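Overview (structure and organization)
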4 protein chains.
Amino acid sequence: MEKIKVGILGATGMVGQNYIRLLENHPWFEVSYVAASPNSAGKTYEKAVSGRWQMSTKIPKNVSILIVGNANNVDEALGTCRFVFSAIGGDKQVIRETEKLYAKAGMPVVSNNSAHRKTENVPMLIPEINHQHIEIIPEQQKANSWNKGFIVVKPNCSLQSYLTPVYALIQAGYQVKRMVITTLQAVSGAGYPGVPSLDMVDNIVPYMGGEEEKTEEEPKKILGKIENKKFVKNESIKISAHCNRVPVVDGHTACVSLEFGSKKPTLDQIKKIWLEFHSLPQELKLPFAPEQPIVYLEEIDRPQPRKDRDMDKGMAVTIGRLRECKVFDVKFVGLSHNTVRGAAGGGILNAELLYAKGYIK
Amino acid sequence: MEKIKVGILGATGMVGQNYIRLLENHPWFEVSYVAASPNSAGKTYEKAVSGRWQMSTKIPKNVSILIVGNANNVDEALGTCRFVFSAIGGDKQVIRETEKLYAKAGMPVVSNNSAHRKTENVPMLIPEINHQHIEIIPEQQKANSWNKGFIVVKPNCSLQSYLTPVYALIQAGYQVKRMVITTLQAVSGAGYPGVPSLDMVDNIVPYMGGEEEKTEEEPKKILGKIENKKFVKNESIKISAHCNRVPVVDGHTACVSLEFGSKKPTLDQIKKIWLEFHSLPQELKLPFAPEQPIVYLEEIDRPQPRKDRDMDKGMAVTIGRLRECKVFDVKFVGLSHNTVRGAAGGGILNAELLYAKGYIK
Amino acid sequence: MEKIKVGILGATGMVGQNYIRLLENHPWFEVSYVAASPNSAGKTYEKAVSGRWQMSTKIPKNVSILIVGNANNVDEALGTCRFVFSAIGGDKQVIRETEKLYAKAGMPVVSNNSAHRKTENVPMLIPEINHQHIEIIPEQQKANSWNKGFIVVKPNCSLQSYLTPVYALIQAGYQVKRMVITTLQAVSGAGYPGVPSLDMVDNIVPYMGGEEEKTEEEPKKILGKIENKKFVKNESIKISAHCNRVPVVDGHTACVSLEFGSKKPTLDQIKKIWLEFHSLPQELKLPFAPEQPIVYLEEIDRPQPRKDRDMDKGMAVTIGRLRECKVFDVKFVGLSHNTVRGAAGGGILNAELLYAKGYIK
Amino acid sequence: MEKIKVGILGATGMVGQNYIRLLENHPWFEVSYVAASPNSAGKTYEKAVSGRWQMSTKIPKNVSILIVGNANNVDEALGTCRFVFSAIGGDKQVIRETEKLYAKAGMPVVSNNSAHRKTENVPMLIPEINHQHIEIIPEQQKANSWNKGFIVVKPNCSLQSYLTPVYALIQAGYQVKRMVITTLQAVSGAGYPGVPSLDMVDNIVPYMGGEEEKTEEEPKKILGKIENKKFVKNESIKISAHCNRVPVVDGHTACVSLEFGSKKPTLDQIKKIWLEFHSLPQELKLPFAPEQPIVYLEEIDRPQPRKDRDMDKGMAVTIGRLRECKVFDVKFVGLSHNTVRGAAGGGILNAELLYAKGYIK
């Protein structure tokens, strides 16, 4: 089988680098185009990231020699690839317009950006939870008069550490009413140079601009449904988030206290639900789908970011410390790899889903 | 004025070292006796802590030449000091017995240990909150047939980062019904050698044995009252705690979500209450009392442990990020210095209170 | 081909865990026996390391169910494996005796320990440098009246970051007279619990017991030769070492200043020598041999431990910053992965060499 | 006595903040003027550093209300202060010109900057070493036709960890011929935001632009002398430096190997020289002079940055691990506080010397 050619917009940044690293030897996709800001354009990719390549593996040979395109110029991408991963940065309004230009030109855009998360008809995907949200795509195309192009996004990285396990409980019939969540998030989430080391040696920072709002709001769309060809948010769940930056390279940890509706599972029932949980990505055997999306660790002091973030290629959520909560019903600790599951890996899984379901052709 | 002579039990450990550091040049107290386990006994203090002195100031000259006594032998302390700070470690039952032997011999024991926190008639003090709990001491002495000796304890270090601000609100007439608390605690809390560096480089540990139980239970006694010469716990407040270890030297951070009773203050009212809060230690101008017990920082990303833990000699609690909570009423971040306010400094403040009120003579 | 069965002595410690992790799916060897101290003996391996497994991959299924043997009892190993990797800890004299018992019983012992590094007739191997030192083995067997068993050791992990590049220059005909070396070593080198976090948050420790002596002495044996069936040390090279512990998980960095004899290569000649260097492990295509043993990085600020330690499965040495030295001739920075190349990975490469050359049958 | 009024140029940066912190309650000097770049000018100091104040003490009240001046406009400073500390950043040529304008206008400039370190007739001071270099100032004034103004600078922070102890040996009659130095430098040296945390979590960086050159060159001027009213460098000492950035907040560590001339002291003689070393700042009892400029620690694993950097208000150099060197004569580890002794504290000591000797009036 010939591989699908794919472009990376924002290829020189940290998320872009992760896409390139993770797509090396991908069974379905092949990076054929890289684009970045005008001042990288025209250089070889190797030259463009010289001194800025942050991955611990080398730049794949075939990508290092690609000539970097100008991400603002859609025409340069046409003909070189069938769809694009977007990891461009900068002003949200500009990002929105740029991604729409690609979609208009017939390119599916699998975006890592927050810019279109609130846009009507744009699905925000965690494939194990809301894979059926891709069915909105024809509405999106119709509304914009787009032909083959469209936009899908992934949610904020902080959600990945707890939303899948929470969804598994909801799907099993247990309503979740309220959650208080405190995250301990890795510095890679802020890119490079990102967080100053003076803030992260002998210190933590109890604040990240916009992070708590996203953590509180985005789950409502993801857990929502399509009614009359429109998204309807799930407003029945209340979330309060405290987001902290901690001196960890990769891996976001979440401490979760959770209140169920009137029907309450036992701790053993919860563990069983998590153990048995699987979804469409697993059934379709998508290459980046973790075999077991939720891994429960029985050790008393796990999950821990450095030791558990790489579980199942960094795509599984690891959970531990499920116990009774003195205020709500239960509490637990969740962990996911923010630059794999929470960024490039999650985007690749989205693209695999779209390809498997025929949206990317 | 001649200074009161004081002994340190467990003087070679980290809390003991902090007592010695903080008592250098104390206006009222003077270290005249140090005791530790039998295998340190008989050495000079300098020799006994050789290679283990963790403070960034030098051993005070007058203490370095003291001969270390055997903490298990009360007789060695008699005549050398008027009261003792206890920072002995080991088996809880043994600690309980040892501290009682000192009290029986006529020595007030100001303990840093958790061993007697649940013991009937033993006050667990945060002087700004429950200074009046020292009035139980005559009952304690009567019940044990002790003459001048008695035992007081301080609570777990994790409480200090949020309980005083919460108490200030209660005292101002706002009932607090429920709290979800997540702590990010410093490694010094585990002593030396304590937490392995392999757990604290590029990592956090979402578990500390017994810490969550203490964080949930101890406030009930501290916020309780004396009725019919007995402590009655405050059972009306529900607390759920998640305790995490993070790579910070000193300073415990707490993320707090809080639900009031029917009467709810505004954010501005809360800040005003905190700003104006003061208590007996401030009125008595105790040497270790912070001038302002609760310091509110308006910067959006504070408090931070390295930058704020030393506020007012490390004895103040710093608070920031007060905001609405989507699940409860309000949320905020609190910070206190765990080895100062939360350990030796807190113990010294307790002793100052007891001396000022005539319990230590 | 049927795989060679191998035992791990000291299997529950950190080096033992690394052996088990790295040998999963090894093309030639298969772990069939694990042994540790008497108080682990009798348990399944999974149970024996419960709460102590430090690897980021799971315990291989086939090893987790093995019953842990008593490492002190050679009889338990007999029949279960063809040779052993020794990672036992404790008293040097006891280790020496234990390893000799295995050799006496007919077991080749590939040791990670320092105990036998100074023992006559025991080769201390870095296969790219002194693979021919294995020719001493028949002498060792003769002297001890051993039949099939023997002992080989690997050197201290600090050497790996610079000795291969230095050897490459010597082999190319440039005498090396003097070296001043400063290492910045990772905490994993001290095992678990190892270095306390209070020493590694906002701190470095400029001392490691015995490390400087090993760094200065062991190269003389490795760079020596066999004459009249005995090792003769290379005494012509003088080394001075400063060894520091830094807050890095894995990866030892070495800053090297080096003085040549009268014949001095240019910087370009040195880079060419390193680029072209290869040795017997590469020729034999041993599974753990790095394709290119010495990788030179042109980026101005490399190598860096987290970003470069995994080069070529963690088995390559990465070098950077080659430049003129104002005191000697040249200086450079070297890096190697201390728990892979410098410990278990190095041991496996030694075993592969011994197997390929017929010493392990 | 009325205090001398002093201005801080570059007052909002990290070095400027340290000046303001350290000058609070200074017995001789009082901050009366602060200046920074045009976009801070016109604001109160408190407002100008809002969100950027990195000190762990609060902004001194009297400084917080000062209106920030434009550092490029000398006229604003005139009449407000008697001399200035310069901590301005940016282009070296611009800095040189700006500092000269202040000197021309009659202001002594005590600079923290590297811009004028190589300028003829500008003394680069470590007062314990080369206090007599201030005698060049009249020549500087004459050459520039300046009246009361002049410029003095301090050397790079990396020197402070070892040059005073080396000078003490030279002064005692032992020629020092060669030194190989490896530094492990703190992140505060790069200011804020400075070094990215992704480079400092589980990592070190073996490179700092320009640092090695300064470490090798600046000692020659400092150890030089004035002949015929000109500086003559000490070219007899050869230095090779390896400079590394490590995850430490404050405190530069240096590992030093040192070769003497033909006359070689014993280890005990060296310790005695260091113990007894004192110089003009000690004799003049300058407020910021450490009582004992060189403190030798006998503990086997010291000095360590977090534990020893604050020795004598952060102004002493701590030394440890003096031992024989296998390549040269001796080796040792030195430590100094880079933002106190190595920056603002060192600048203040320079100003104290100049005031005590009548150069600042």
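Report on the accompanying structure. The shown structure was predicted, so the numbers you read here are calculated from the model rather than taken from an experiment.

A few words on the packing of helix H8 (residues 163-171) of chain C against helix H10 (residues 267-276) of chain C. All names here are of chain C. Packing of H8 against H10 brings their axes to within 9 Å, and their N-to-C directions diverge by 110°. Taken together, H8 and H10 sit at an angle that is classed as roughly perpendicular. Residue-level contacts link Pro 165, Ala 168 and Leu 169 of H8 to Ile 270, Ile 273 and Trp 274 of H10. Here the contact of H8 with H10 is built from residues that sort into six nonpolar, no polar and no charged.

Let's shift gears to the environment of Val 110 of chain C. Residue and element names in this part refer to chain C. Among the structural elements, Val 110 can be located in strand S5 (residues 108-111). Overall, Val 110 belongs to the buried group, its relative accessible area being 0%. In this structure the C-alpha to C-alpha distance between Val 110 and Asn 350, which are 240 residues apart in sequence, comes to 7.3 Å.

Take the interface of chain A and chain C next. Facing the 14 residues of chain A at the interface are 14 residues of chain C. Approximately 1200 Å² of surface area, both sides summed, lies buried where chain A meets chain C, with 50% of it carried by carbon and sulfur atoms. Taken together, the connections running from chain A to chain C amount to zero salt bridges. Viewed at the interface, chain C and chain A are joined by two residue pairs in polar contact (both at pLDDT 80 or more). Taken together, the residues that form the side of chain A that touches chain C break down as six nonpolar, two polar and six charged.

Let us look at the relation of the copies chain C and chain D. For the pair chain C and chain D, the best superposition has an RMSD of 0.0 Å and corresponds to a rotation of 180° with a translation of 0.0 Å parallel to the axis. In short, the pair behaves as if placed about a two-fold rotation axis. Interface overlap between copies is the fraction of interface residues in one copy that are interface residues in the other; for chain C against chain D it reaches 100%, indicating a shared surface.

Time to look at the packing of aromatic side chains. Under the definition given, this model contains 50 aromatic pairs over all chains. When the centroid spacing of 5.5 Å and the interplanar angle of 45° are considered together, the rings of Phe 328 of chain C and Phe 328 of chain D count as tilted. In this pair, Phe 328 of chain C sits in the loop between strand S13 (317-324) and strand S14 (330-336) while Phe 328 of chain D sits in the loop between strand S13 (317-324) and strand S14 (330-336), so the two residues belong to two different chains. Summarising the burial analysis for this pair, Phe 328 of chain C and Phe 328 of chain D share the class buried. Within the aromatic cluster, the residues linked to one another by ring pairs are Tyr 19, Trp 28, Phe 29, Phe 83, Phe 85 and Tyr 355 of chain A. Lying across the ring of Tyr 174 of chain A, Lys 263 of chain A places its NZ or CZ 4.8 Å from the centre.

Facing the 50 residues of chain C at the interface are 50 residues of chain D. Roughly 4100 Å² of surface becomes buried between chain C and chain D when both sides are summed, with 53% attributable to carbon and sulfur atoms. Counting the contacts that link chain C with chain D gives twelve salt bridges. Run the count over chain C and chain D and you get 33 residue pairs in polar contact (both at pLDDT 80 or more). Listed by contribution, the elements that provide at least two residues to the side of chain C that touches chain D are strand S7 (176-185), helix H9 (211-222), strand S10 (238-245), strand S11 (252-260), helix H12 (305-308), S13 and S14 of chain C. Here the side of chain C that touches chain D gets six residues from one element, more than from any other, and that element is S10 of chain C. A per-class count over the side of chain C that touches chain D returns 25 nonpolar, eight polar and 17 charged.

Once chain A is rotated about the relating axis by 180° and shifted along it by 0.0 Å, it coincides with chain C to within an RMSD of 0.0 Å. Comparing interface residues between copies, 100% of those in chain A also sit at the interface in chain C, which points to an isologous, same-surface contact.

Enumeration over the complete set of coordinates arrives at 84 salt bridges over all chains. Between Arg 323 of chain B and Glu 212 of chain A there is a salt bridge; the shortest N-O distance is 3.0 Å. With one member in each of two chains, Arg 323 of chain B in strand S13 (residues 317-324) and Glu 212 of chain A in helix H9 (residues 211-222) form a pair that bridges those chains. Like Arg 323 of chain B, the residue Glu 212 of chain A is buried in the burial classification. Here Glu 212 of chain B ties to Arg 321 of chain A by a salt bridge, and the two come within 2.8 Å at their closest N and O atoms. Placement of Glu 212 of chain B in helix H9 (residues 211-222) and of Arg 321 of chain A in strand S13 (residues 317-324) is noted, with the two residues assigned to different chains. Both residues of the pair, Glu 212 of chain B and Arg 321 of chain A, belong to the buried class.

Conventions adopted
Residues numbered from 1 in each chain as written. Chains lettered and ligands numbered in written order. Predicted model: local features only at pLDDT ≥ 70, side-chain atom pairs only at ≥ 80, totals over all residues. Heavy atoms only, no water. Axes fitted to C-alpha atoms, helices over the stretch in contact; angles between N-to-C directions. Helix = DSSP H or I, 4+ residues; strand = E, 2+ residues; numbered from the N terminus. Parallel < 35°, antiparallel > 145°, perpendicular 65-115°, else oblique. Contact = heavy atoms within 4.5 Å. Nonpolar A, V, L, I, M, F, W, Y, C, P; charged D, E, K, R; others polar. Buried < 20%, exposed > 50% of the residue type's maximum accessible area, 1.4 Å probe, protein only. Buried area = accessible area lost by both parts, 1.4 Å probe. Salt bridge = Lys/Arg side-chain N within 4 Å of Asp/Glu carboxyl O. Polar contact = N/O pair within 3.5 Å; in protein donor to acceptor, adjacent residues only side chain to side chain. Least-squares fit on C-alpha atoms with pLDDT ≥ 70 in both. Phe/Tyr/Trp six-rings, centres within 6.5 Å; stacked < 30°, edge-to-face > 60°. Lys NZ or Arg CZ within 6 Å of the ring centre and 35° of its normal.

It is worth stressing that arrangement in space is one thing and function is another; only the former is reported here.
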